[in-house]
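Examination of the molecular architecture
Residues per chain are reported as follows:
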Amino acid sequence: MQWTLVIPLKPLARAKSRLSDTADDGVRPGLALAFAQDTVAAALACPAVRDVAVVTDDALAGRELSALGARIVPDEPRGGLNAALAHAAAVVRSTRPESALAALNADLPALRPLELARVLDSAAEFPRAFLADAAAIGTTLLAARENAELRPAFGLDSRARHRASGAEELPLTGVDSVRQDVDTGEDLRAALALGVGPRTAAAAARLLIPGQ
């Protein structure tokens, strides 16, 4: 099964505020863009991925991610993360109603294409499925097969909310790169330990990260 990934990205100037312990205001936008670039590049290299749609209103991010091969969908609702994902899913299915869709976080700089393929292959067994993040509280991927609605419930305690919505929770072992999102300095250190993509590696090299 081939999937269309929908990746949300807020304006870079407002992204990754929780990284303030590691990166100042002038650095965080570049880090957020690097995370997204490495995430999109790895996703497009995944054999289970047909294409990637990034929903964003950030002009710079749109240009850079489009250059990698992503389709850019403007965030017309401007109603937050879940509204953006639902909008992007509707845009994709307006032209391909039978598309299998998966929402994927934009901050997975250590993402491995084959690990993502493993997750998507597991998700194909269920109408809707999700993968918990490394903290086991949030969600990094929510999948909906053809004829199933995505019904995103990202945000606080999204693992519990996606489970309560009837989505199947996917196995957590062997797919660390798909679970390691980056919100804090500790998260970034964990991603660096896994091995991040080239853009994040270059951006992180300019930071003083204890334990790196």
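Structural data are supplied above this passage.
These remarks concern the structure in this document. Per chain, the residues get numbers from 1 upward, laid out in the order the sequence is written. Selection of residues for local features in this predicted model requires a pLDDT of at least 70, selection of side-chain atom pairs for listing and counting requires 80 or more, and totals for whole chains, interfaces and linings are taken over all residues. With hydrogens and water stripped out, all remaining heavy atoms of the structure feed into the side-chain values.

Points about the sheet that holds strand β7 (residues 168–169)
Strand pairing within a sheet occurs via backbone hydrogen bonds; the two strands may be parallel or antiparallel. Two strands make a pair as long as DSSP finds a minimum of two bridges between them. Helix and strand assignments follow DSSP, with helices taken as H or I runs no shorter than four residues and strands as E runs no shorter than two, numbered in order from the N terminus. Judged by pairing direction, the sheet is mixed, and its 7 strands sit side by side in the order β3-β2-β1-β4-β6-β5-β7 without closing on themselves. Across the chains shown, the open sheet's two edge strands, defined by having one partner strand only, are β3 (71–73) and β7. By the bridge criterion, 4 bridges tie strand β1 (residues 3–8) to strand β4 (residues 100–104) in an arrangement that is parallel. The partner of Val6 across the bridge, within β4, is Ala103.

Comments concerning the packing of helix α1 (residues 28–44) against helix α2 (residues 59–68)
With axes taken as lines fitted to C-alpha atoms, and helix axes fitted only over the stretch in contact, angles between N-to-C directions fall between 0 and 180 degrees. Interaxial distance between α1 and α2 falls to 10 Å at its minimum, and their mutual angle equals 25 degrees. On the basis of the axis angle, α1 is roughly parallel to α2. The two elements α1 and α2 meet at a crossing, and its hand is right-handed. For the pair α1 and α2, the contacting residues are Leu33, Ala36, Gln37, Val40, Ala41 and Leu44 in the first and Leu60, Ala61, Glu64, Leu65 and Leu68 in the second. Angle categories: roughly parallel below 35 degrees, roughly antiparallel above 145, roughly perpendicular from 65 to 115, and oblique for all the rest. In this scheme the handedness of a crossing depends on how the near helix is turned from the far one: anticlockwise by less than a right angle means left-handed, clockwise means right-handed. Should any heavy atoms of two residues lie within 4.5 Å, those residues are counted as being in contact.

Concerning the pattern of salt bridges
Charged atoms that come close allow side chains of opposite charge to pair. By definition here, a salt bridge exists when the distance from a side-chain nitrogen of Lys or Arg to a carboxyl oxygen of Asp or Glu is within 4 Å. Enumeration over the complete set of coordinates arrives at 9 salt bridges. Among the ionic pairs, Arg18 bridges to Asp183, the shortest N-O distance being 3.8 Å. Taken together, the residues span a long stretch of sequence, with Arg18 in the loop between β1 and α1 and Asp183 in the loop between α6 (176–179) and α7 (185–194) at a distance of 165 residues. In this structure, Arg145 and Glu146 form a salt bridge, with 2.9 Å as the shortest nitrogen-oxygen distance.

Structural notes on the side chain of Thr140
Tracing the sequence through the fold places Thr140 in strand β6 (residues 139–144). Given a relative accessible area of 0%, Thr140 falls into the buried group. Those residues in contact with Thr140 that lie beyond four places of it in its chain are Ala103, Leu104, Asn105, Leu108, Leu131, Ala132, Asp133, Val178, Arg179 and Asp181. A 1.4 Å probe rolled over the protein chains alone gives each residue an accessible area, and that area as a share of the maximum for its type sets the label: buried under 20%, exposed over 50%, partly exposed in between.

Brief notes about the nonpolar core
By size, the foremost hydrophobic cluster in this structure holds 39 residues, and its most contacted members are Trp3, Leu5, Val52, Leu104, Leu116, Leu120 and Leu141. Ranked by residues supplied to this core, first place goes to α1 with 6 residues. Sequence-distant contacts of Leu116, that is, excluding residues within four places in its chain, are made with Leu5, Ala43, Cys46, Val49, Leu104, Leu111, Leu141 and Val178. One finds Ala84, Ala89, Leu101 and Ala103 within the second-largest nonpolar core, a separate group that totals 18 residues. Buried Ala, Val, Leu, Ile, Met, Phe, Trp, Tyr and Cys residues form a nonpolar core when they are joined through side-chain atoms within 4.5 Å.

Some words on the pairing of strand β5 (residues 128–132)
Burial within β5 is extensive, with 5 of its 5 residues counted as buried. Because side chains alternate across β5, one face comprises the buried residues Arg128, Phe130 and Ala132, and the other comprises Ala129 and Leu131, equally buried. As defined by bridge partners, β5 adjoins β6 across 5 bridges and the pair is classed as antiparallel. Within β6, the residue paired with Leu131 across the bridge is Leu141. If you look at the hairpin formed by β5 and β6, you'll find 6 residues sitting between the two strands, and Ala136 has a positive phi there, around 65 degrees.

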